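Coordinate inspection notes
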Amino acid sequence: MMLPARITTSAVILISFLTLHPFTSAQSNAASGKLSVHWEELTAADFRQGIERSQGTCVLPFGILEKHGPHLPIGTDLLDVRYAALHAAEQEYAIVFPEYYFGQIAEARHEPGTISYSRDLQLKLLQETTDEMARNGCKKVLIVNGHGGNESLLPYFAQTQLNQPHDYVVYIFDKLSPPKGGPAKKTKIDMHAGESETSNMLVARPDLVHMDRANSESGADQARQKIPEDVYTGIWWYTRFPNHYSGDGSAATKELGEYQMNWWINSIAKTIQEVKADDVSPRLQKEFYEKSTHPLDTRP
Ligand SMILES: [Zn+2]
């Protein structure tokens, strides 16, 4: 869903490592500079090199499994966000966590193929995942969101990291499409499996786009809910888009997909770079945890 919603140090470690372990795969990979960005593809020794190279910055691309109109695969958000995050990490090295799709999607439980975990499990699993990432050296965890339905879950998760001390910082990147520019769009409503998302899939996995089916269901806004716009209900999405389709995927083009995907990849790469350079958040988060153990001593 897509809502409007130290080179010196590592060289020394590498040299001593290669001297001690002359025939490991780390030798060929690290020596040729080609460490995989995929967590699951690294050997244990290469993983150590990856953490060093990424300065402890790891990316968690967050997808979902839900219907995407009549023409796109259930894993659209997962496939798209991984495509963007993996290409970004190739540009600016970071280790990318494997497939993760355990987010908020209660609103699509009436459609085939939706995997909707309970509220408690979503938060618990995400916490244990980032805890485990940090235990393995990911002291900066960048969650890249690929699913509009997570846009309240993720800031809440980040905010509640302040409840108790963690030796790592959670960063969230939650922008799915460029604010402006690129090929002009033909459709006005485009929130889910419409022109934009279909265009992205034409880049990430064109073999999975069934363009001939894009008009077989309606993605029009049915506008059935008659309450003020600033009153929120969980059922709002179903009242407007009961087919879990918002927009018209048949308007998609590869040109729009390339523009949007390039913007997304470059934005994530830039964010990885900025997260690596951020020494303020870890320091002040630590200070905050310490002060929060004795709040009466905190003075202006
Ligand atoms: Zn989507």
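Small disclaimer: the values here were computed from a predicted structure and weren't measured. (Residues numbered from 1 in each chain as written. Predicted model: local features only at pLDDT ≥ 70, side-chain atom pairs only at ≥ 80, totals over all residues. Heavy atoms only, no water.)

**Concerning the packing of helix α4 (residues 76-91) against helix α9 (residues 254-277)**
- Two elements in contact, α4 and α9, have axes whose closest approach is 8 Å; the angle formed by their N-to-C orientations is 50 degrees. Between α4 and α9, the interaxial angle falls into the category oblique. In this structure, α4 crosses over α9, and the sense of that crossing is right-handed. Side by side, α4 and α9 meet where Asp80, Val81, Tyr83, Ala84, Ala85, His87, Ala88, Ala89 and Gln91 of the first sit next to Met261, Trp264, Ile265, Asn266, Ile268, Ala269 and Ile272 of the second.
- Grouping the constituent residues of the contact of α4 with α9 by class yields twelve nonpolar, three polar and one charged. (Axes fitted to C-alpha atoms, helices over the stretch in contact; angles between N-to-C directions. Helix = DSSP H or I, 4+ residues; strand = E, 2+ residues; numbered from the N terminus. Parallel < 35°, antiparallel > 145°, perpendicular 65-115°, else oblique. Left-handed = near helix turned anticlockwise from the far one by under 90°. Contact = heavy atoms within 4.5 Å. Nonpolar A, V, L, I, M, F, W, Y, C, P; charged D, E, K, R; others polar.)

**Some details on the layout of surface pockets**
- Its volume calculated, the largest pocket comes out at about 800 Å³.
- Of all elements in the fold, only α5 (119-135), α6 (153-159) and α8 (236-240) reach the threshold of two or more residues within the lining of the largest pocket.
- The residue makeup of the lining of the largest pocket, split by class, is 14 nonpolar, eight polar and five charged. (1 Å grid on protein atoms, 1.4 Å probe; cavity = no way out; pocket = protein on both sides within 12 Å on 5 of 7 lines; lining within 4 Å. Points joined across faces, edges and corners; volume = space filled by probe spheres on them.)

**Points about the sheet that holds strand β4 (residues 169-173)**
- Here four strands make up an open sheet; going across it, the order is β2-β1-β3-β4 and the pairing parallel. The sheet is open, and its two borders are formed by β2 (95-96) and β4, each paired with just one other strand.
- Sheet topology note: the strand β1 (residues 57-62)/β2 ladder contains two bridges and is parallel. Within the sheet, the bridge partner assigned to Val59 lies in β2 and is Val96.
- Each of β1, β2 and β3 (140-145) is contacted by α4, which is oriented at about 165 degrees to β1, the strand it contacts most.
- Along the sheet, helix α10 (residues 280-291) makes contact with β3 and β4, crossing β4 at roughly 130 degrees. (Pairing = 2+ DSSP bridges.)

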